[in-house]
Amino acid sequence: EAGVVQSPRYKIIEKKQPVAFWCNPISGHNTLYWYRQNLGQGPELLIRYENEEAVDDSQLPKDRFSAERLKGVDSTLKIQPAELGDSAVYLCASSSSGTSVSHEQFFGPGTRLTVL
Amino acid sequence: DQQVKQNSPSLSVQEGRISILNCDYTNSMFDYFLWYKKYPAEGPTFLISISSIKDKNEDGRFTVFLNKSAKHLSLHIVPSQPGDSAVYFCAAQIQGAQKLVFGQGTRLTINP
């Protein structure tokens, strides 16, 4: 069974440019998460989707970040415009619907973003 | 406001010995705790968890201990193997909230 797929794996852009990350969760997983991991820190949740609905986006910087999951399957996270402080690894995770036990979150390999 | 703290950025242990990784938390509402393991260029993978109604959970070489009064948990790996070299993250959750709060991670190196 394929795991969580993310692309690209690496992205280098100049500040003020836009960037987008794509995630395809494990088949059948209705819950999708986007995390940001800064260097030397643990992952921090940006947004959580239940199917198409963003149910927790309290940590998403809405002035420059946006996300969508139009058909309740794959998802895109966008930053526009990017700032130097956005350099981080962006992780996508998924889990089965209805579970209250977060250990069932499965993580993708992440996209490492470098903003110059 | 770091609700979950791993105060040791790194730990080096000899192969075959016990590795002990520590984690402290501040939010008394947390009632479920997890350890994740992360290799370079990969996402974190679930290792072991413990509910707040227990004080110990064991899975093979891995044991997690929870001290609620001290708001402290630890992960014991025995015996340590070279393949255990990775970054270990402690995470906490309020059950039903489906939101994990991670610590900063501890890089474990197992020396042959």
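As shown above, the structure is provided for reference.
Structure report, in brief. What you see is a predicted model, and the numbers here were worked out from it, not measured in a lab. (Residues numbered from 1 in each chain as written. Chains lettered and ligands numbered in written order. Predicted model: local features only at pLDDT ≥ 70, side-chain atom pairs only at ≥ 80, totals over all residues. Heavy atoms only, no water.)

Observations concerning the interface of chain B and chain A
And step 1. Counting from both sides, the interface comprises 21 residues of chain B and, opposite them, 26 residues of chain A.
And step 2. Interface area for chain B against chain A, summed over the two sides, is near 1700 Å², with a carbon-plus-sulfur share of 51%.
And step 3. Between the two partners, chain B and chain A, sit zero salt bridges.
And step 4. Seen at the junction of chain B and chain A, the total is three residue pairs in polar contact (both at pLDDT 80 or more).
And step 5. Contributing elements (two or more residues each) for the side of chain B that touches chain A: β4 (32–38), β5 (45–51), β9 (86–93) and β10 (100–102) of chain B.
And step 6. Taken together, the residues of the side of chain B that touches chain A sort by class into ten nonpolar, eight polar and three charged. (Contact = heavy atoms within 4.5 Å. Buried area = accessible area lost by both parts, 1.4 Å probe. Salt bridge = Lys/Arg side-chain N within 4 Å of Asp/Glu carboxyl O. Polar contact = N/O pair within 3.5 Å; in protein donor to acceptor, adjacent residues only side chain to side chain. Helix = DSSP H or I, 4+ residues; strand = E, 2+ residues; numbered from the N terminus. Nonpolar A, V, L, I, M, F, W, Y, C, P; charged D, E, K, R; others polar.)

Overview of a nonpolar patch on the surface
Residues and elements named next belong to chain B.
And step 1. On the surface, Ile18, Ile20 and Val78 cluster together into a nonpolar patch covering about 220 Å² of accessible area.
And step 2. Topologically, valine 78 is positioned in the loop between β8 (72–77) and β9.
And step 3. Residue valine 78 is classed as partly exposed on the basis of its relative accessible area of 42%. (Patch = residues over 30% accessible without salt bridge, like charges linked within 9 Å, V, L, I, M, F, W, Y side chains within 5 Å. Areas by Shrake-Rupley, 256 points an atom, 1.4 Å probe, with all protein chains shown as cover. Buried < 20%, exposed > 50% of the residue type's maximum accessible area, 1.4 Å probe, protein only.)

Here's the deal with the state of the cysteines
And step 1. Throughout the structure, instances matching the rule amount to two disulfides over all chains.
And step 2. Disulfide pairing is shown between cysteine 23 of chain A and cysteine 92 of chain A; the S-S distance is 1.9 Å. Of note, the bridge from cysteine 23 of chain A to cysteine 92 of chain A carries an S-S torsion of about -70° and is left-handed in sense. With cysteine 23 of chain A in strand β3 (residues 19–24) and cysteine 92 of chain A in strand β9 (residues 88–95), this residue pair connects regions lying 69 residues apart in the sequence.
And step 3. With relative accessibility at 0%, the residue cysteine 23 of chain A sits in the buried group.
And step 4. Here cysteine 23 of chain B pairs with cysteine 90 of chain B through a disulfide, and the sulfurs are 2.1 Å apart. Across the S-S bond of cysteine 23 of chain B and cysteine 90 of chain B the torsion is about -70°, and the bridge reads as left-handed. Placement of the pair is cysteine 23 of chain B in strand β3 (residues 19–25) and cysteine 90 of chain B in strand β9, with a sequence separation of 67 residues. As far as burial versus exposure is concerned, cysteine 23 of chain B and cysteine 90 of chain B are alike and both buried. (Disulfide = S-S within 2.5 Å.)

Looking at the packing of aromatic side chains
And step 1. Under the criterion given, the structure shown has twelve aromatic pairs over all chains.
And step 2. With 6.3 Å between their ring centres and 65° between their planes, tyrosine 25 of chain B and phenylalanine 30 of chain B make a pair best called edge-to-face. Just as tyrosine 25 of chain B is buried, phenylalanine 30 of chain B falls in that class too.
And step 3. Aromatic pair tyrosine 36 of chain B and phenylalanine 102 of chain B: ring centres 5.6 Å apart, planes at 55°, arrangement tilted. Taken as a pair, tyrosine 36 of chain B in strand β4 and phenylalanine 102 of chain B in strand β10 lie far apart in primary sequence, 66 residues in all. The same class applies to tyrosine 36 of chain B as to phenylalanine 102 of chain B, namely buried.
And step 4. Connected via pairs of aromatic rings, a cluster forms that spans Tyr33, Tyr35 and Phe107 of chain A together with Tyr36, Phe46, Phe89 and Phe102 of chain B. (Phe/Tyr/Trp six-rings, centres within 6.5 Å; stacked < 30°, edge-to-face > 60°.)

Description of the sheet that holds strand β7 (residues 62–67) of chain B
All names here are of chain B.
And step 1. Taken in spatial order, the five strands line up as β1-β3-β8-β7-β6 in an open sheet, and their pairing is antiparallel. Each edge of the sheet is formed by a strand with only one pairing partner; in this case those strands are β1 (4–5) and β6 (56–59).
And step 2. When β3 meets β8, the two strands line up antiparallel, connected through six bridges. Within the sheet, the bridge partner assigned to asparagine 22 lies in β8 and is serine 74. (Pairing = 2+ DSSP bridges.)

With respect to the nonpolar core
And step 1. Core analysis: the biggest nonpolar cluster contains 24 residues, and Val4, Phe33, Trp35, Leu73, Leu75 and Tyr88 of chain B have the highest contact counts within it.
And step 2. Elements with a minimum of two residues in this core: β3, β4, β5, β7, β8, β9 and β11 (106–111) of chain B.
And step 3. The element that contributes the greatest number of residues to this core is β9 of chain B, accounting for four residues.
And step 4. Not counting chain neighbours up to four residues away, the residues in contact with valine 4 of chain B comprise Cys23, Asp24, Tyr25, Phe30, Cys90, Ala92, Val101, Phe102, Gly103 and Gln104 of chain B.
And step 5. With 21 residues, the next largest nonpolar core counts Ile26, Trp34, Tyr90 and Cys92 of chain A among its residues. (Core = buried A, V, L, I, M, F, W, Y, C linked by side-chain atoms within 4.5 Å.)

Quick word on unusual backbone geometry
And step 1. In this structure, the amide linkage connecting serine 7 of chain A to the following residue, proline 8 of chain A, adopts the cis form with an omega of -10°.
And step 2. Structurally, proline 8 of chain A can be placed in the loop between β1 (5–7) and β2 (10–13).
And step 3. Of the consecutive residues valine 78 of chain B and proline 79 of chain B, the connecting peptide bond is found in the cis state with omega at -10°.
And step 4. Tracing the backbone shows proline 79 of chain B in the loop between β8 and β9.
And step 5. You will see that alanine 41 of chain B, though not glycine, has its phi angle at about 65°, which is positive.
And step 6. Note on placement: alanine 41 of chain B falls in the loop between β4 and β5.
And step 7. The phi angle at lysine 71 of chain B is positive, at roughly 50°, despite the residue not being glycine.
And step 8. The residue lysine 71 of chain B is located in the loop between β7 and β8 in this model.
And step 9. Residue lysine 71 of chain B is classed as partly exposed on the basis of its relative accessible area, which comes to 26%.

By themselves, these figures tell us nothing about what the structure is for.
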